[in-house]
Amino acid sequence: SINGDYCNNQDSGFLVRNGELYMSEQTKNDICVLYYDGTMETFTPEEYLVEDIIAKRPYQVWKFGPELLDENGQPKQSFNTSEAITWENPRSGIGYYEPGHYCFVIVDGRQSGYSRGLEIDRFAQIFADLGCKAAYNLDGGASAVMTFNQSIYSRPSNGGRDSGDILLIRELPEQTEEGGQAE
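Conventions and cut-offs
- Residues numbered from 1 in each chain as written.
- Predicted model: local features only at pLDDT ≥ 70, side-chain atom pairs only at ≥ 80, totals over all residues.
- Heavy atoms only, no water.
- Core = buried A, V, L, I, M, F, W, Y, C linked by side-chain atoms within 4.5 Å.
- Buried < 20%, exposed > 50% of the residue type's maximum accessible area, 1.4 Å probe, protein only.
- Helix = DSSP H or I, 4+ residues; strand = E, 2+ residues; numbered from the N terminus.
- Contact = heavy atoms within 4.5 Å.
- 1 Å grid on protein atoms, 1.4 Å probe; cavity = no way out; pocket = protein on both sides within 12 Å on 5 of 7 lines; lining within 4 Å.
- Points joined across faces, edges and corners; volume = space filled by probe spheres on them.
- Nonpolar A, V, L, I, M, F, W, Y, C, P; charged D, E, K, R; others polar.
- Pairing = 2+ DSSP bridges.
- Polar contact = N/O pair within 3.5 Å; in protein donor to acceptor, adjacent residues only side chain to side chain.

A. Broad picture of the nonpolar core. Core analysis: the largest hydrophobic core is formed by 14 residues, its most contacted members being L68, L69, F123 and F127. For this core, the secondary structure elements donating two or more residues are β8 (101–107) and α3 (120–129). Per-element accounting of this core gives the leading share, five residues, to α3. Ignoring sequence-local partners within four residues, the contact set of F127 consists of L68, L69, G93, I94, G95, C103, V105, C132 and A135.

Structure representation (structure tokens):
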């Protein structure tokens, strides 16, 4: 798992979690949409309308951003974000290959003698080098954390902070013939 877009700190915009619509305002942020079929798309504000995305039944909508790759899977040349987000920072992001196939990338930072972090254009280059078709920057800073099997595999700056949401990939429990979970 990795941290998400710090949705508990958001009070406006476009937000969907596990198919539930929480906010439906058009935003100036790039968004990332994950659909029930496993397809993931990123959009600049000019490329989507909230009602069009809602009509496609999104499973998740994240709005931290920015999107990192262009339509050809190459690093974008400019990013729809504040200048401070482009500087060296701890980073967290999701990359997309094809439905159901993703990668998570975490970069530690703001820790003298250990890691300064990464500029946004270099972060985008990592996803391009990994062969992703799309990639999206999630909340970084003290939120940037990756876990696996209940262990932390990153070193969050300032000791980290509570996360309002996470992206989690796990195996589903086996189902019995009656549709229940196997013991």
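Still more to cover.
B. View of the layout of surface pockets. Taken as a whole, the largest pocket encloses approximately 570 Å³ of empty space. Forming the boundary of the largest pocket are 20 residues, of which L34, Y59, Q60, L168 and I169 lie nearest the centre. Here the lining of the largest pocket takes three residues from strand β6 (residues 58–62), the largest share from any one element. Here the lining of the largest pocket is composed, by residue class, of 13 nonpolar, four polar and three charged. Size it by volume and the second largest pocket reaches roughly 240 Å³.

C. Broad picture of the pairing of strand β5 (residues 40–43). Direction of pairing for strand β4 (residues 31–35) relative to β5: antiparallel, over a ladder of four bridges. Residue I31 lies in a different strand from β5, and its bridge partner there is F43. Connecting β4 to the antiparallel partner β5 that follows it, the hairpin turn spans four residues, and G38 within it adopts a positive phi of roughly 90 degrees.

D. Region of the structure containing the environment of T86. Mapped onto the elements, T86 comes out in helix α2 (residues 83–86). Measuring from C-alpha to C-alpha, the distance between T86 and D121 comes to 7.4 Å, with 35 residues separating the pair along the chain. In contact with T86, not counting residues within four places along its chain, are T81, R91, E119 and I120. At 2.6 Å, the side chain of T86 and the backbone oxygen of E83 are in polar contact.

Purely spatial values, then, with no claim about function.
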